[in-house]
Amino acid sequence: MARAFLSSGDLIADRRASYADMLFESGDHVAAADLMRQALDIVPAWTAGLYRLGEMEEAAGDEDAAAETWRRLLELDPDDRFGATLKLAASGYAVVPDNPPAAYVETLFDAYAPTFEAALLEKLHYRVPELLAKAIKAAAPGRHYQSMLDIGCGTGLMGDYFRADVNHMAGMDLSEAMLQKAEEKHVYDRLFKGDVNELHYPAGSADLIIAADVFVYVGDLDRAFARLVEVLGPDGLFAFSVETHAEDGELILQSSLRYTHSEEYVRRLLAEHGLAPVTIGREAIRFDRGEPLQGLITVARRA
């Protein structure tokens, strides 16, 4: 979304913003920011332009100016579709929120949906669905499930791994565009829009719950775990991934605007919610800027 160009509605402003993007890509971040400010002089309430200006100012090393730009953006867009709150927190100008703005996550993945699978699988070598499927099948060899709930199902990458092993497969996502892509695969019995922190689903109805690459956009997982444990049936399995870190601290907001969770944090939350880990494996889950990104692949059941 940071690279998306949304029209300001003014041809001259759009043209200047386009030139600013060209300068930015060439590495001249200072000149790019100057030209983007000229575009915003014409359309000062252009929210997408303000977000882009903040990125340019940050890259140019003017973090104070970037922070002021993101504050202006929040005034114009209190729902925070562009994640200005996270940008301020990640750069040290605000307290890190427990959870990201829901409107930001929804907007991000609505924009990402058309290229989601190609970007993840072909460019980033995304492995989470494969790794989770392998871990689940190792934890319960040959098990058949009555009901599976795929939290943050996205375009439905997890569905194919379990269709033959599940009687009823449901997928939930915050992004309508992602759900439309999943619907095209005709794998799920039910698809619905929802937020894991506000999940309403029949208690004890799922004997397999999967959350693949979801919790990086949730942050503090306490509410999500509480909701999901209510849904999990007796002897049910809960499988999920998180990105992890080597630094001190249980929960960290990275510059990517994704949250990482320590293994200690994961183990603590599992115990607090009456779940016992079957396996917690550290794996390279995808690439990020050419480097393998470390994550935890976890399968748990009721203690």
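Placed above this text is the structure.
Residues numbered from 1 in each chain as written. Predicted model: local features only at pLDDT ≥ 70, side-chain atom pairs only at ≥ 80, totals over all residues. Heavy atoms only, no water.

## Some points on the layout of surface pockets
Thought 1: If you add up the space inside the second largest pocket, you get close to 180 Å³.
Thought 2: What lines the second largest pocket is simply E243, T244, H245, E247, Q254, S255, S256, R258, T260, D288, R289 and L293. (1 Å grid on protein atoms, 1.4 Å probe; cavity = no way out; pocket = protein on both sides within 12 Å on 5 of 7 lines; lining within 4 Å. Points joined across faces, edges and corners; volume = space filled by probe spheres on them.)

## Points about the packing of aromatic side chains
Thought 1: Within this structure, the stated rule accounts for twelve aromatic pairs.
Thought 2: Ring centres of F109 and F116 lie 6.3 Å apart, and the angle between their planes is 65°; on these two criteria the pair is classed as edge-to-face. Note on accessibility: F109 and F116 belong to one class, buried.
Thought 3: Members of the aromatic cluster, each reached through a chain of ring pairs, are F109, Y112, F116 and Y217.
Thought 4: Directly above the aromatic system of F24 lies the positively charged group of R52, at a separation of 4.6 Å from the ring centroid.
Thought 5: Across from the ring centre of F192, 4.2 Å away, lies the NZ or CZ of R190, which sits over that ring. (Phe/Tyr/Trp six-rings, centres within 6.5 Å; stacked < 30°, edge-to-face > 60°. Buried < 20%, exposed > 50% of the residue type's maximum accessible area, 1.4 Å probe, protein only. Lys NZ or Arg CZ within 6 Å of the ring centre and 35° of its normal.)

## Quick look at the nonpolar core
Thought 1: Counting residues in hydrophobic clusters, the biggest one holds 67 residues, and the most contacted among them are M36, W46, L132, I136, F162, L208 and I210.
Thought 2: No other element matches the seven residues that helix α8 (residues 128-139) contributes to this core.
Thought 3: Every residue in contact with F162, bar those within four places of it in the chain, is listed here: A133, I136, K137, M148, M169, L208 and I210.
Thought 4: One finds L199, A206, L296 and A300 within the second-largest nonpolar core, a separate group that totals 32 residues. (Core = buried A, V, L, I, M, F, W, Y, C linked by side-chain atoms within 4.5 Å. Helix = DSSP H or I, 4+ residues; strand = E, 2+ residues; numbered from the N terminus. Contact = heavy atoms within 4.5 Å.)

## Brief notes about helix α2 (residues 29-42)
For an α-helix, the turn length of 3.6 residues means that residues three or four places apart are oriented alike.
Thought 1: Its 14 residues give α2 an end-to-end C-alpha distance of 20 Å, which sits within 8% of 20 Å, the value for a rise of 1.5 Å per residue.
Thought 2: Of the residues making up α2, those classed as buried are A32, A33, L35, M36, A39 and L40. Taken down its axis, α2 places every buried residue within 165° of arc, on the same side.
Thought 3: Tucked inside the fold, the buried residues of α2 contact α1 (11-26) and α3 (47-59). (Expected span 1.5 Å × (residues − 1). Arc of directions from axis to C-beta.)

## Re the sheet that holds strand β3 (residues 190-193)
Paired through their backbone hydrogen bonds, the strands of a sheet run either parallel or antiparallel.
Thought 1: If you trace the seven strands from one edge of the open sheet to the other, you get β3-β2-β1-β4-β5-β9-β8, paired in mixed fashion. At either margin of the open sheet sits one strand with a lone partner, and together these are β3 and β8 (275-288). For this sheet, the mean inter-axis angle between neighbouring strands, taken without regard to orientation, is 15°.
Thought 2: Where strand β1 (residues 145-151) and strand β4 (residues 206-211) come together, four bridges link them in parallel fashion. Across the sheet, residue I151 finds its bridge partner in β4, namely A211.
Thought 3: Sitting on the sheet, helix α11 (residues 222-231) touches β1, β4, β5 (232-243), β8 and β9 (291-302), and the angle it makes with β5 is about 150°.
Thought 4: Against the sheet, helix α12 (residues 263-272) makes contact with β5, β8 and β9, and its axis sits at roughly 145° relative to β8, the strand it touches most. (Pairing = 2+ DSSP bridges. Axes fitted to C-alpha atoms, helices over the stretch in contact; angles between N-to-C directions.)

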